[in-house]
Amino acid sequence: MTYDVPDAPTLAKYLDLLTRVLIAIRGSADEEAADLAYAVHNLPALLLRWRDRNEEEQLTAILRFERKYPKWGDHFSIALQSSRASEE
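Conventions and cut-offs
- Residues numbered from 1 in each chain as written.
- Predicted model: local features only at pLDDT ≥ 70, side-chain atom pairs only at ≥ 80, totals over all residues.
- Heavy atoms only, no water.
- Core = buried A, V, L, I, M, F, W, Y, C linked by side-chain atoms within 4.5 Å.
- Buried < 20%, exposed > 50% of the residue type's maximum accessible area, 1.4 Å probe, protein only.
- Helix = DSSP H or I, 4+ residues; strand = E, 2+ residues; numbered from the N terminus.
- Contact = heavy atoms within 4.5 Å.
- Salt bridge = Lys/Arg side-chain N within 4 Å of Asp/Glu carboxyl O.

Enquirer: Sorry, what's going on with the nonpolar core here?
Expert: Burial of nonpolar side chains together is a common tendency in soluble globular proteins. One finds L22, A37, A39, V40, A61, I62, F65 and Y69 forming the largest nonpolar core, which totals eight residues. At the level of secondary structure, the elements contributing two or more residues to this core comprise α2 (31-40) and α4 (55-68). Those residues within four positions of Y69 in sequence are excluded, and the remaining contacts are E31, E32 and D35.

Here's what the structure looks like:
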């Protein structure tokens, strides 16, 4: 799959918006939605500071969510496990 990404300032602007949305959802009364937002709210910052990335920390957060809510199986973590994600 090929992606067409915007210039750095535009990407940063939309990732900042996504961060703000995820942080707002973390305060949701819906515990599952709040937990999922908590698990991924650092993704935009991870993408903007790729040089300093800690992908293992992000995978751990997603796996923690999937363990707490087993109905999701590996629905989210599969995206971070590149060899499996590329098969879909």
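Enquirer: Explain the side chain of Q58 here, please?
Expert: Checked against the element boundaries, Q58 lands in helix α4. For Q58, a relative accessible area of 8% translates into the label buried. Discounting chain neighbours no more than four positions away, the residues touching Q58 are A39, V40, N42, L43 and L80.

Enquirer: Got a minute to help me understand the side chain of S77 in this structure?
Expert: Examined against the element boundaries, S77 turns out to sit in the loop between α4 and α5 (82-85). Judged by relative accessible area, which is 2%, S77 ranks as buried.

Enquirer: Which parts of the structure should I look at to understand the environment of L11?
Expert: Locating L11 in the fold gives a position in helix α1 (residues 8-26). When the C-alpha atoms of L11 and P44 are compared, they prove to be 9.5 Å apart, with 33 residues separating the residues in sequence.

Enquirer: Sorry if this is basic, but what is going on with the pattern of salt bridges here?
Expert: Opposite charge on two side chains allows them to pair when their charged atoms are near. Taken as a whole, this structure holds four salt bridges when the rule is applied. D16 is the salt-bridge partner of R20, the closest N and O atoms lying 2.9 Å from each other. In this pair, R20 and D16 both sit in helix α1, four residues apart, roughly one turn of the helix. Where E31 meets K68, a salt bridge forms, and the shortest distance between an N and an O atom there is 3.0 Å. In this pair, E31 sits in helix α2 while K68 sits in helix α4, placing the two residues 37 residues apart along the sequence. Of the residues examined, E31 reaches a relative accessible area of 48% and is grouped as partly exposed. Judged by its relative accessible area of 45%, K68 is partly exposed. Taken together, the salt bridges that share partners define one network made up of E31, D35 and K68.

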